[in-house]
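Here are the chains, one letter per residue:
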Amino acid sequence: MERLKGKVAAVTGGSVGIGAATVTRMAEQGAAVAILDCKDQEGQELAQSLTERGLIAAYWHCDVSNEKQVSEALDKVVETYGSLTVLVNNAGISGTNKPTHELTEEEWDRVQNVNVKGVFFCTKHAIPLMKKAGAGSIINLSSIYGLVGAPDTPSYHASKGAVRLMSKTDAMLYATENIRVNSVHPGFIWTPMVEGHLKTTGQDLEAAKQATAELHPVGHMGEPDDIAWGIVYLASDESKFVTGSELVIDGGYTAR
Ligand code: NAP
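This part takes up the overall build of the protein chain. Scanning the protein chain from N- to C-terminus turns up 9 helices and 7 strands. Taken against the 2.2 N^0.38 rule, which gives 18 Å for 256 residues, the C-alpha radius of gyration of the protein chain at 17 Å falls within 12% of a compact globule. Residues classed as buried in the protein chain amount to 50% of the 256 residues present. In the protein chain, once contacts between residues fewer than 6 apart in sequence are set aside, the share between residues at least 24 apart is 73%. Working note: accessible area of the protein chain is about 11,600 Å², and carbon and sulfur atoms make up 53% of it.

And the structure:
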């Protein structure tokens, strides 16, 4: 199956977790995939394992909170593959797990700089390239916590709410230019981010995993591929009438 044949995709935070699954499924579906991340070794190894399978992928170091690095990396992608038609704004951090009244400005800003400003910088520099290509699909990773609240990590939840509405604004701004923008809202997916987050709760890790699984009506957490397949759909022409929408993939978490 080559649902993404001819597409050129950049996936931020593509070295591990949801990003790595997305990179893999997109490459398997025929896209040329650029992995942009700060985890250089994991990203390079992933690109190498895909190219050894005859798929098209390469790694570039890129901190999404640094505008110069973003614009240079996206230019390199176009130089290498000829265009840019898909951007997955996936890089994100969960930040400090403290109640609002204990958070410092620095802790707040660190999360906004990656999760919100990073999406802004990548979108800002991808749009002219997509205009040149005559088509584009931008997929922004929000969260269930861009839809509902939770009594922890205030800066993270604020950032994911922002990403949800940035997606709708950009969907409207660029709809007539054949550039679609959608948000994806995962429930808990077992990745390095979730493992790191659960370790901050101070609970035994296995007990915390079980409690997190039980938050989902299906009774378990998701896996990175559950999200990657949704992203493949939004990147493909199968979703050509879909823009400004919210794809919720959460095992029923927000169905209550
Ligand atoms: P992850 O396992 O932590 O992977 C994220 C990747 O992004 C890491 O390689 C990370 O590198 C990289 N990254 C962080 N800051 C970056 C920056 N400034 N520039 C470039 N790359 C950067 O995360 P994940 O769980 O796969 O989550 C991926 C996305 O889905 C995030 O936006 C997250 O908020 C969202 N999401 C995840 C879940 C979930 O349950 N996992 C649920 C809802 C939404 P370092 O580790 O070196 O920083």
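On to the pairing of strand 1 (residues 8–12). Counting buried positions along strand 1 gives 5 out of 5 residues, so the element sits mostly inside the fold. Side chains Val8, Ala10 and Thr12 of strand 1 all project onto a buried face; the interleaved residues Ala9 and Val11 project onto the opposite face, where all are buried too. At this point the chain moves from strand 1, through helix 1 (residues 17–28), to the parallel strand 2 (residues 32–37), and the crossover so formed is right-handed. Pairing geometry for strand 1 and strand 4 (residues 86–89), over 3 bridges, is parallel. Looking at strand 4, one finds that alanine 9 is bridged to valine 86.

The grouping of Leu147, Val148 and Val248 at the surface amounts to a nonpolar patch, some 180 Å² of accessible area in total. Structurally, valine 248 is set in strand 7 (residues 246–249). Classification of valine 248 as partly exposed rests on a relative accessible area of 33%.

Rules used in this analysis
- Residues numbered from 1 in each chain as written.
- Predicted model: local features only at pLDDT ≥ 70, side-chain atom pairs only at ≥ 80, totals over all residues.
- Heavy atoms only, no water.
- Helix = DSSP H or I, 4+ residues; strand = E, 2+ residues; numbered from the N terminus.
- Rg over C-alpha atoms; globule rule 2.2 N^0.38 Å.
- Buried < 20%, exposed > 50% of the residue type's maximum accessible area, 1.4 Å probe, protein only.
- Contact = heavy atoms within 4.5 Å.
- Areas by Shrake-Rupley, 256 points an atom, 1.4 Å probe, with all protein chains shown as cover.
- Right-handed = clockwise from strand over helix to strand, strands pointing away.
- Pairing = 2+ DSSP bridges.
- Patch = residues over 30% accessible without salt bridge, like charges linked within 9 Å, V, L, I, M, F, W, Y side chains within 5 Å.
- Salt bridge = Lys/Arg side-chain N within 4 Å of Asp/Glu carboxyl O.

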